[in-house]
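Architecture and fold: a report
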Amino acid sequence: MNPAERVWIPVLCYHRVCPVFERGIDSPSLCVTPDQFKRQLRLLKFLGYRSITPQDLVAYRQSRKNPPRKSALLTFDDGYEDNYLYAFPLLKQFSMTATLFLVTDSIGKKNDWDSGSLSLLNESQIEEMHLSGIQFGSHTAGHLDLSQADSEVTKRELLVSKEKVQDLTSRLDIPFCYPYSRLNSQSKQLVKDAGYSCAFAGDRNFEEGEDIFDLMRIQVFPSTSLLGFWKKLQPWYPAWYRFQKGIKKSG
Ligand SMILES: [Zn+2]
């Protein structure tokens, strides 16, 4: 299927959901408020969107069939505890699913790859969310930048973290998400070889190909207004984004 014929499925990328006073010093630009998140979920429902899983996305891509219109995928990186405290109750309220990418060596600990001050999900929270239909994937074992890492270290990290998520979810098909959205052709191949079902990156100027190991995502920021969020759902958003940034489409 020509990418142009594909139904546009926005894959939204979040990190944290928490009130402003709990943001702390870590990347406040990655933290939306519960109220903001609630308004976004309410808009998705109002517009008739349903949330799909990475497995659904891969199935649509591999069958070369388009999903029903108005499908969206919500993803969260790093597995912060605030996802359980603030995002999870709202996802349940609006009957939406989301996919959380865990840094598996840090489950139940702090975000040591950054400031080390933020709590991450523990195993019982992950289990409760999993039983309510939330999906989980790997974000490596130690939040490794795969574009810089040695291939043996990468292989080990990919294997250890995949097995951990498999144990936690009793599933074999585990999606992956590149830390820092950084990847190169070697790291992409290693993720494929490690047996992951697909892999998510950043926006890459919204030039999406056919590769399910380089799936693009749209960041949602604290500064994203409800109108800005609506724009991110539209099939013309990639073209709009490139136009705004003055990026010429390659190829
Ligand atoms: Zn991350």
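Read on for a plain summary of the structure. This is a predicted model, so every value here is computed, not measured.

Reading the values: rules and limits
Residues numbered from 1 in each chain as written. Predicted model: local features only at pLDDT ≥ 70, side-chain atom pairs only at ≥ 80, totals over all residues. Heavy atoms only, no water. 1 Å grid on protein atoms, 1.4 Å probe; cavity = no way out; pocket = protein on both sides within 12 Å on 5 of 7 lines; lining within 4 Å. Points joined across faces, edges and corners; volume = space filled by probe spheres on them. Nonpolar A, V, L, I, M, F, W, Y, C, P; charged D, E, K, R; others polar. Buried < 20%, exposed > 50% of the residue type's maximum accessible area, 1.4 Å probe, protein only. Helix = DSSP H or I, 4+ residues; strand = E, 2+ residues; numbered from the N terminus. Pairing = 2+ DSSP bridges. Right-handed = clockwise from strand over helix to strand, strands pointing away. Polar contact = N/O pair within 3.5 Å; in protein donor to acceptor, adjacent residues only side chain to side chain. Contact = heavy atoms within 4.5 Å.

Regarding empty space enclosed by the protein
Enumeration over the complete set of coordinates arrives at 1 cavity of 30 Å³ or more. What the largest cavity holds in volume is close to 40 Å³. Every residue lining the largest cavity is listed: D78, G79, L102, V103, S106, I107, L120 and L121. Along the lines of polarity and charge, the residues of the lining of the largest cavity split into 5 nonpolar, 2 polar and 1 charged.

Describing the pairing of strand 5 (residues 71–78)
Of all 8 residues in strand 5, 8 are buried, a share of seventy percent or more. Across 4 bridges, the pairing between strand 1 (residues 11–14) and strand 5 is parallel. Residue Y14 lies in a different strand from strand 5, and its bridge partner there is F76. Strand direction decides the pairing type here: strand 4 (residues 50–51) and strand 5, joined by 2 bridges, are parallel. By the bridge assignment for strand 5, S51 is matched with A72. Bridge count for strand 5 against strand 6 (residues 99–102) is 4 bridges, and the pairing is parallel. Among the inter-strand pairings, T75 is bridged to a residue of strand 6, identified as T99. With helix 3 (residues 81–93) bridging strand 5 and its parallel neighbour strand 6, the resulting β-α-β unit is right-handed.

Some points on the side chain of T140
Tracing the sequence through the fold places T140 in the loop between strand 7 (135–138) and helix 5 (151–169). Given a relative accessible area of 0%, T140 falls into the buried group. Within polar-contact distance, the side chain of T140 engages the backbone nitrogen of H143 at 2.8 Å.

Comments concerning the environment of A87
Looking at where A87 falls in the secondary structure, it is placed in helix 3. Each C-alpha atom, one on A87 and one on R16, is 8.5 Å from the other, the two residues being 71 residues apart in sequence. Once you skip the residues sitting within four places of it in the chain, A87 turns out to touch V17, F37, F76 and D82.

Honestly, that's just the spatial picture; any functional story needs more than this.
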